[in-house]
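Spelled out from the first residue to the last, the chains are:
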Amino acid sequence: VAQWYTYRPWLITLNENTSTGYSWQIIDLPQQVELTEEIVIDDNPAGLVGAAHLKVFEFMIKESGVAKIKLNYTRVWEKNTDNVKNFELIVKSKK
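These lines cover the structure that appears in this document, whether it is placed above or below. Along every chain, residues carry numbers that run from 1 in the direction the sequence is written. Note on the predicted model: pLDDT of at least 70 is required for a residue's local features to be given, and 80 or more for side-chain atom pairs to be given and counted; whole-chain, interface and lining totals, by contrast, use all residues. Derived side-chain values reflect all non-hydrogen atoms in the structure, with water molecules and hydrogen atoms excluded from consideration.

Notes on the side chain of serine 23
Then comes step 1: Looking at the secondary structure, you find serine 23 in strand β3 (residues 23-28).
Then comes step 2: Overall, the relative accessible area of 13% leaves serine 23 in the buried class.
Then comes step 3: A polar contact is formed between the side chain of serine 23 and the side chain of glutamine 25, at a distance of 2.7 Å.
Then comes step 4: Setting aside residues no more than four positions away along its own chain, serine 23 makes contact with Glu16, Thr18, Asn72, Tyr73 and Thr74. Strands here mean DSSP runs of E at least two residues long; helices mean DSSP runs of H or I at least four residues long; both are numbered from the N terminus. Categorising residues by exposure relies on relative accessible area from a 1.4 Å probe, with only protein chains included: less than 20% of the type maximum marks a residue as buried, more than 50% marks it as exposed, and the intermediate range marks it as partly exposed. Throughout this description, a polar contact denotes any pair of N or O atoms lying within 3.5 Å of each other; where both atoms belong to protein, one of them has to be capable of donating a hydrogen while the other can accept it, and for residues adjacent in sequence the pair is counted only when both atoms sit in side chains. Contacts between residues were defined by any pair of non-hydrogen atoms, one from each residue, lying within 4.5 Å.

In structure tokens form, the structure reads like this:
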């Protein structure tokens, strides 16, 4: 459980390699949590094809309480398959 303050942005940064078709998808985002930005940081100075990068999600909690955020690393076009990775975070926020 992470603790944070309402109306202050916070980040989740995950490794991702979209050349495999897999990407991080938000599966569960409570109403009191807002996704404010989603960016990719390509830290591949050599320009290698197929190299991994970082996916950054910026969130803001709009009201105090407990929220659970869930992301899956999946291929969006494939249905009924097991996800390679899951990420869950429970955030307890206060003013």
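What about the sheet that holds strand β4 (residues 33-41)?
Then comes step 1: The strand order β2-β5-β4 describes an open sheet built from 3 strands, whose pairing is antiparallel. Pairing within the sheet leaves two strands with one partner each, and these edge strands are β2 (10-16) and β4. Neighbour to neighbour, the strand axes of the sheet diverge by 20 degrees on average, direction disregarded. Any two strands with at least two DSSP bridges between them are considered paired. Lines fitted to the C-alpha atoms define the axes, with helices restricted to the stretch that makes contact. Angles between their N-to-C directions range from 0 to 180 degrees.

Some thoughts on a nonpolar patch on the surface
Then comes step 1: Nonpolar side chains (Val, Leu, Ile, Met, Phe, Trp, Tyr) are joined into patches within 5 Å and like charges within 9 Å, using only residues with over 30% relative accessible area and no salt bridge. For every accessible area listed, the method is Shrake-Rupley and the probe measures 1.4 Å; residues are considered covered only by the protein chains on display. Any Lys or Arg side-chain nitrogen located within 4 Å of an Asp or Glu carboxyl oxygen qualifies as a salt bridge. There is a patch of nonpolar side chains on the surface, built from Val1, Val66 and Ile90 and spanning about 300 Å² of accessible area.
Then comes step 2: Position of valine 66 relative to the elements: it lies in strand β6 (residues 65-74).
Then comes step 3: The exposure class assigned to valine 66 is exposed, which follows from its relative accessible area of 54%.

Describing the nonpolar core
Then comes step 1: Trp10, Ile12, Phe59 and Leu71 are the most contacted members of the largest nonpolar core, which has 15 residues in total.
Then comes step 2: Elements that contribute at least two residues to this core include exactly β2, β5 (53-61), β6 and β7 (85-94).
Then comes step 3: Of all the elements, β6 adds the most residues to this core, at 4 residues.
Then comes step 4: Apart from the residues within four sequence positions on either side, isoleucine 12 is in contact with Lys55, Val56, Phe57, Phe59, Leu71, Phe87 and Leu89. Definition used in this section: a nonpolar core is a set of buried Ala, Val, Leu, Ile, Met, Phe, Trp, Tyr and Cys residues joined via side-chain atoms within 4.5 Å.

Here's the deal with the pairing of β6
Then comes step 1: Two strands pair when backbone bridges link them, and β3 and β6 are joined in this way by 5 bridges, in the antiparallel orientation. When the bridges of β6 are listed, tryptophan 24 appears paired with tyrosine 73.
Then comes step 2: Pairing geometry for β6 and β7, over 9 bridges, is antiparallel. Directly across from tyrosine 73, in β7, lies its bridge partner lysine 85.

Remarks on the sheet that holds β3
Hydrogen bonds between backbone groups are what pair the strands of a sheet, and the pairing can be parallel or antiparallel.
Then comes step 1: Strand order in the open sheet made by the 4 strands is β1-β7-β6-β3, with mixed pairing throughout. Strands at the two margins of the open sheet, each flanked by one partner only, are β1 (2-5) and β3. For this sheet, the mean angle separating the axes of adjacent strands, direction not counted, is 35 degrees.

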